[in-house]
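# Architecture at a glance
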Amino acid sequence: MTRLMLAELAKLLDLQSKDLILLEADVRLKATLDEKARLDTDLEAARREAQVAQNRLEDGVKKREDVEVKIDSYRTIQEKRRSRLEVARGAREAQAVMTEVDMARQVLAKEEGEWVKVSEAVHDLERGLKAAEDRAAALQESQTAERERIEAEQAAIETERQAAKATRDASATQIEKTLKARYDRLRSARSVAVVVSLRGDACGACFTAVPRNRRTQIRAGLVFDNCEACGVILYAEESLG
Ligand SMILES: [Zn+2]
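Residues numbered from 1 in each chain as written. Predicted model: local features only at pLDDT ≥ 70, side-chain atom pairs only at ≥ 80, totals over all residues. Heavy atoms only, no water.

## Quick word on the overall build of the protein
- Across its full length, the protein carries four helices and four strands.
- Secondary structure elements in the protein, listed N-terminal to C-terminal, are α-α-α-β-β-α-β-β.
- Whereas a compact globule of 241 residues would reach a radius of gyration of roughly 18 Å, the protein reaches 40 Å, over 25% beyond that.
- When the backbone C-alpha atoms are referred to their principal axes, the protein occupies close to 130 × 35 × 30 Å.
- Looking at the 241 residues of the protein, the share that counts as buried comes to 30%. (Helix = DSSP H or I, 4+ residues; strand = E, 2+ residues; numbered from the N terminus. Rg over C-alpha atoms; globule rule 2.2 N^0.38 Å. Buried < 20%, exposed > 50% of the residue type's maximum accessible area, 1.4 Å probe, protein only.)

Listed below in structure tokens is the structure:
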């Protein structure tokens, strides 16, 4: 292998190893973001449950108010009937009003029974809301330590990542322009190694056989050849010496 090509290959492999470190930092960073998202999802679910309980309670309270309004109006009407009873002329009219009063009393008793039922339901809903709010608060509390740990981890990885990026960028400037462009193009398409050694007669990445004449050229260090199948830049391990 020519000394110049050997030097370029060494720089390329150096850049690649630094890019893999950068990639590894990115993967870990993504994992912390996923972890955070999972905590957020859990907390949102708990808060949504509390919101649903809140809405149900409001519906219940509204229903109780409706029944109260109804009962009030029935009572008012009933008062008027009683007044009419007092001024009723004759037994027949008095009897008719009495019948009305009795019937209305039954209706009123039914509504009052309904009120008791609805009130009990409201109390249940209040307890349900309290429980849901307590659960959400407890979950938030239990997540605090985990969130702090994730934040710290994230900050550490960010720092690591910035250092890895600077190191990588410094190495990248050392590489010949067209070769670097080739490398970058491959890297943008693949997240794994893009400079790969021959494995026997085949590409070390996809294991597709590399034709003999090209293998010979690669081994001789005459060209930076690409694998015809997967496109990686091929080199021969033995040429590194
Ligand atoms: Zn290949």
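The structure having been displayed, the exposition proceeds.
## Some points on the sheet that holds strand 1 (residues 195-199)
- The strand order across the open sheet built from four strands is 2-1-4-3, with neighbouring strands paired in mixed fashion. Looking along the sheet, the strands with just one partner apiece sit at the ends: strand 2 (202-203) and strand 3 (225-226).
- In terms of strand pairing, strand 1 meets strand 2 through two bridges, oriented antiparallel. Considered in strand 2, the bridge of Leu198 is made with Cys203.
- Across the face of the sheet, helix 1 (residues 3-86) comes into contact with strand 1 and strand 4 (233-235) while running at roughly 110° to strand 1. (Pairing = 2+ DSSP bridges. Contact = heavy atoms within 4.5 Å. Axes fitted to C-alpha atoms, helices over the stretch in contact; angles between N-to-C directions.)

## As for the coordination of the zinc ion
- With distances of 2.2 to 2.4 Å, the protein atoms coordinating the zinc ion are Cys203 (SG), Cys206 (SG), Cys227 (SG) and Cys230 (SG).
- Every donor counted, the four donor atoms about the zinc ion form angles of 106 to 114° at the centre, which fits tetrahedral coordination.
- For Cys206, a relative accessible area of 29% puts it in the partly exposed group. (Donors = N, O, S within 2.8 Å, 3.2 Å for Na, K, Ca; no water. Tetrahedral: all angles 85-135°; square planar, octahedral: opposite > 155°, others 65-115°.)

## Quick word on helix 4 (residues 212-220)
- Taken together, the buried positions of helix 4 are occupied by Arg214, Arg215 and Ile218. The arc enclosing the buried residues of helix 4, seen along the axis, measures out at 100°, which places them on a common side. Exposed side chains of helix 4 directed beyond 90 degrees from the buried face belong to Arg212 and Asn213.
- Backbone geometry just downstream of helix 4 places Gly221 in the positive-phi region, at approximately 70°. (Arc of directions from axis to C-beta.)

## With respect to the nonpolar core
- Ranked by size, the top nonpolar core spans 15 residues in total, and within it Leu9, Leu12, Tyr183, Val195, Phe224 and Ile233 carry the most contacts.
- Where this core is concerned, the elements lending two or more residues are helix 1, helix 3 (177-189) and strand 4.
- If one sorts the elements of this core by residue count, helix 1 sits on top with five residues.
- Leaving out residues up to four positions away in the same chain, Leu12 has contacts with Ile175, Leu179, Tyr183, Val195 and Ile233. (Core = buried A, V, L, I, M, F, W, Y, C linked by side-chain atoms within 4.5 Å.)

## Re the domain arrangement of the protein
- Once the domains are mapped, the protein shows domain 1 (21-174) and domain 2 (176-241).
- Tallying the contact residues gives four residues for domain 1 and six residues for domain 2.
- When domain 1 packs against domain 2, the two sides together hide about 310 Å² of surface, and 51% of this comes from carbon and sulfur.
- For domain 1, the biggest contributors to the area lost against domain 2 are Leu23, Arg168 and Ala172; these three give 87% of the whole.
- For Asp184, the salt bridge identified is with Arg168, shortest N-O distance 3.6 Å. (Domains from an automatic or database assignment. Buried area = accessible area lost by both parts, 1.4 Å probe. Salt bridge = Lys/Arg side-chain N within 4 Å of Asp/Glu carboxyl O.)

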